[in-house]
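One letter stands for each residue in the lines below.
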Amino acid sequence: MVSLLDYISIFGHGIAAALFGALAIWQFQRKVDRNNKQIWLIIAIALTSFWALSIAVEGYLSPISRFAETVRNFGWLGFMFILLQAGEGRDEPKTVNSIYAALAFVLVGQMLVDSLIPAFSGSPRLEGVTLYTSLVLRMIFAVGALVLVHNLYSISAPETRWGIRLPMAALAAIWTFDLNLYTITYLTQSTPLELHAMRGPMMAVIAPILALASLRNTEWNLKLSRSVAFRSLSLVAIGSYLLMMVVIATALQIVGGDYARLAQISFLFGATIGALLLLPSGRFRAWLKVKLAKNFFQHRYDYRSEWIRFTDTIGRPGADSAPFHERVIKAIADITESPAGILLVPDESGQLVLQSRWNWSSIEVPARACTGKTIPFFERTSHIVEFDTLRAGQDNKCDAAAIPDWMSNDDLAWVAVPLVHFDRLAGLMLLARPRIDRKLDWEDLDMLRVVGRQVASYLAESRSQESLSEAQRFDEFNRRMAFIMHDIKNLVSQLSLLARNAKRHADNPEFQADMIETLQDSADKMNGLLERLSQHNKSNPEEPKSVKVADLIRSIIEKKRLLHSLESSHVDDLTIFADPARVEQILGHLIQNAIDASTNDQPITINARRRDLSVAIEVCDQGTGMSAEFVRSQLFKPFSSSKQGGFGIGAYEARELARAMNGRLEVESTEGVGSRFTLLLPLAKHLPKEISADERAA
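In short, a report on the structure. (Residues numbered from 1 in each chain as written. Predicted model: local features only at pLDDT ≥ 70, side-chain atom pairs only at ≥ 80, totals over all residues. Heavy atoms only, no water.)

## Considerations on the side chain of Ser 598
Alright, step 1. Within the secondary structure, Ser 598 is located in the loop between α19 (580-597) and β9 (604-611).
Alright, step 2. Within the structure, Ser 598 has its side chain in polar contact with the backbone oxygen of Ala 594 (distance 2.7 Å).
Alright, step 3. Here Ser 598 is in contact with His 564, Ile 604, Asp 621, Gln 622 and Gly 623, once residues within four sequence places are set aside. (Helix = DSSP H or I, 4+ residues; strand = E, 2+ residues; numbered from the N terminus. Polar contact = N/O pair within 3.5 Å; in protein donor to acceptor, adjacent residues only side chain to side chain. Contact = heavy atoms within 4.5 Å.)

Now the structure itself:
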């Protein structure tokens, strides 16, 4: 006759088989990129469906059911192994890999022992030993599997734990039930029929949890945390659990009666439901962490892991990472497990203003975020303010006038951490109340002071970098302005000479035509200077090309002949490869310097000769000349000049322009005799073949 427990077992396992089978088919048909994690997940779910179906059809003591349970465990073990292998970050710890190897060995041994049970059915003694061994192996696997689940979850980085939280909780529930089942069987030396019957409904409850986990996270990515050391706490917890099970089972045996089985089922069901509700809870984990740190450890913090996490959060931004100031808030908030925070920094007027916020959109920060005593108080004391203590009137070190009302009136405000750098307040961090409210102890305060000073240095460095960048932009503008002013001075000098010569030759039609051409050229240069001065000017120099030296010198002499007497005694028929505008600008600087150094009756000579593989363009004057010391240390130094009212830019700019075209500038000068500037540029025919071929084609 079929009992009620048999009906519960058959229908419970049948429903579980149907749900897991449907889940496997749904996973297989989903339009997602197929990878090893997806494949092993489908295999594990399908094997679970096969196991539940075998119990529903053959019963839980049949050989096929025992075999199906073993391969089910193999499937989930393989899924967790693939999940770990595919994890990003640091290599997985060897201790976790050793658990995989040990559990796989246990499952293989379990299959071998189960295969011997039918062979020893004729010998009660051997059959009993075999059943006992099989039971012990199942208990060992359940313990090891729970240790593995705990370690796999604990070594994952906090930002990826949410994705594997539900599947890990589901697997923990499966093997917790198995551990209870086999422990009670071992202790009572009898088969708990009620627990075997309730196994199916329990698995039917777990199937929707796995489906929900698949909907929330299609990939179940795992990113390994830096603190990947083996967590021995899981062994302690499971050992304590087994001890508790022994005590409870013994008590139930003593009590006995009709309620013993009901008590066992109630306890097992309550423990399973409690695990499913509490393990995913962030509040419960935070409470547990506080209690463990308070009662089991000498120090609250693992300083090495906290410091590594702190520096990684601030100093290692990724492509999609948060802005710098948000990372600063998160780095400190993570230490105290605060879920949110804001950062206030001093502005140019010395008032605290909101710089950034992290996960705290509800708090309203006024434009004037501090009182007149806030900054002086924190700079003088570096006092960390606990708002609960302050509200209770128990903070004797804090000046209440230094704390704005909007901070103390917000119930979520938990701690204010001053960020002091060299006795200057670089910022003020306001942290929100953590999930488990607690008072700060001496270790919290010391940690916050240390990281507060470190963050203050980061903020000061960031502000210094911003100031330096701004100064560099101004310096670049001033540098550009200096060159422009020098070029304007040259144009003014040319126009002054032109005006002076116009008094003598104004009636000459030829002079008038040349003057108009010179004025037009000067106007074009002025427009070019204005474009160069603009910060939006993106123009690039012309591409180098073949330039006839004789034509270039002839053009320059024609443009400058109204300003001063220019001569050319020797010009070879040579071709250079350069930017003609830059060459003209260099020679313009050199000629203007020669004019400034010469009297009206001292001509300036421009010659061009070949020198090895280069063309040497010489600008010679008979002016005042320069000393060797000045040429060596001052001539090419910006803003150093021997001329009255000179900028000291022309020679420097001429040399830099020459270098930009793979050339150089040489100087020979004697005081009272004159100077010779020689511009050396490469010959066109000695360029690489592909370039000269292009030039020939042009």
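Read on, since the account is not over.
## Some remarks on the pairing of strand β4 (residues 413-421)
Alright, step 1. Of all 9 residues in β4, 8 are buried; the element is thus mostly enclosed.
Alright, step 2. Two strands pair when backbone bridges link them, and β4 and strand β5 (residues 424-432) are joined in this way by 8 bridges, in the antiparallel orientation. The residue bridging Pro 418 from the neighbouring strand is Leu 428, located in β5.
Alright, step 3. Hairpin remark: β4 followed by β5, antiparallel, with 2 residues in the connecting loop; positive phi at Phe 422, about 50°. (Buried < 20%, exposed > 50% of the residue type's maximum accessible area, 1.4 Å probe, protein only. Pairing = 2+ DSSP bridges.)

## A closer look at the side chain of Arg 327
Alright, step 1. By the element assignment, Arg 327 lies in helix α12 (residues 324-336).
Alright, step 2. Of note is the side chain of Arg 327, whose polar atom sits 2.8 Å from the backbone oxygen of Ala 322.

## Remarks on the sheet that holds strand β10 (residues 614-621)
Alright, step 1. The mixed open sheet is built from 5 strands, whose spatial order is β7-β9-β10-β12-β11. Strands with a single pairing partner mark the edges of an open sheet, and in this sheet they are β7 (566-567) and β11 (664-670).
Alright, step 2. Across 2 bridges, the pairing between β7 and β9 is parallel. Paired with Glu 567 across the two strands is Thr 605, which belongs to β9.
Alright, step 3. The strands touched by helix α18 (residues 549-560) within the sheet are β7, β9 and β10, with β9 carrying the most contacts at an inclination of about 170°.
Alright, step 4. α19 contacts β7, β9, β10, β11 and β12 (674-682) of the sheet and is inclined by roughly 25° relative to β10. (Axes fitted to C-alpha atoms, helices over the stretch in contact; angles between N-to-C directions.)

## As for unusual backbone geometry
Alright, step 1. Positioned with a positive phi, Glu 337 is a non-glycine residue whose angle comes to about 60°.
Alright, step 2. Turning to its location among the elements, Glu 337 is positioned in the loop between α12 and β1 (341-346).
Alright, step 3. Positive phi, normally seen in glycine, also occurs at Asp 612, with a value near 55°.
Alright, step 4. Take Asp 612: it is sitting in the loop between β9 and β10.

## Description of the pattern of salt bridges
Alright, step 1. Tallied over the full model, the rule gives 18 salt bridges.
Alright, step 2. Arg 424 serves as the salt-bridge partner of Glu 379, at 3.8 Å between the closest nitrogen and oxygen. Pair noted here: Glu 379 is in helix α13 (residues 374-381) and Arg 424 is in strand β5, with a separation of 45 residues, a long-range link.
Alright, step 3. Classification of Glu 379 as partly exposed rests on a relative accessible area of 23%.
Alright, step 4. Between Glu 618 and Arg 609 there is a salt bridge, with the nearest N and O atoms lying 3.0 Å from each other.
Alright, step 5. Here Glu 618 falls in the buried class, since its relative accessible area comes to 11%. (Salt bridge = Lys/Arg side-chain N within 4 Å of Asp/Glu carboxyl O.)

## Observations concerning empty space enclosed by the protein
Taking a probe equal in size to a water molecule and rolling it over the atoms shows the remaining empty space.
Alright, step 1. One pass over the full model with this rule turns up 3 cavities of 30 Å³ or more.
Alright, step 2. Volume-wise, the second largest cavity comes out at about 40 Å³.
Alright, step 3. Lining of the second largest cavity is provided by Glu 69, Asn 73, Gln 110, Arg 138, Phe 141, Ala 142, Trp 175, Asp 178 and Tyr 182.
Alright, step 4. The set of elements that each furnish at least two residues to the lining of the second largest cavity consists of α3 (63-85), α5 (124-154) and α6 (158-188).
Alright, step 5. Tallied by class, the residues present in the lining of the second largest cavity amount to 4 nonpolar, 2 polar and 3 charged. (1 Å grid on protein atoms, 1.4 Å probe; cavity = no way out; pocket = protein on both sides within 12 Å on 5 of 7 lines; lining within 4 Å. Points joined across faces, edges and corners; volume = space filled by probe spheres on them. Nonpolar A, V, L, I, M, F, W, Y, C, P; charged D, E, K, R; others polar.)

Spatial relationships are all this shows, so hold off on functional conclusions.
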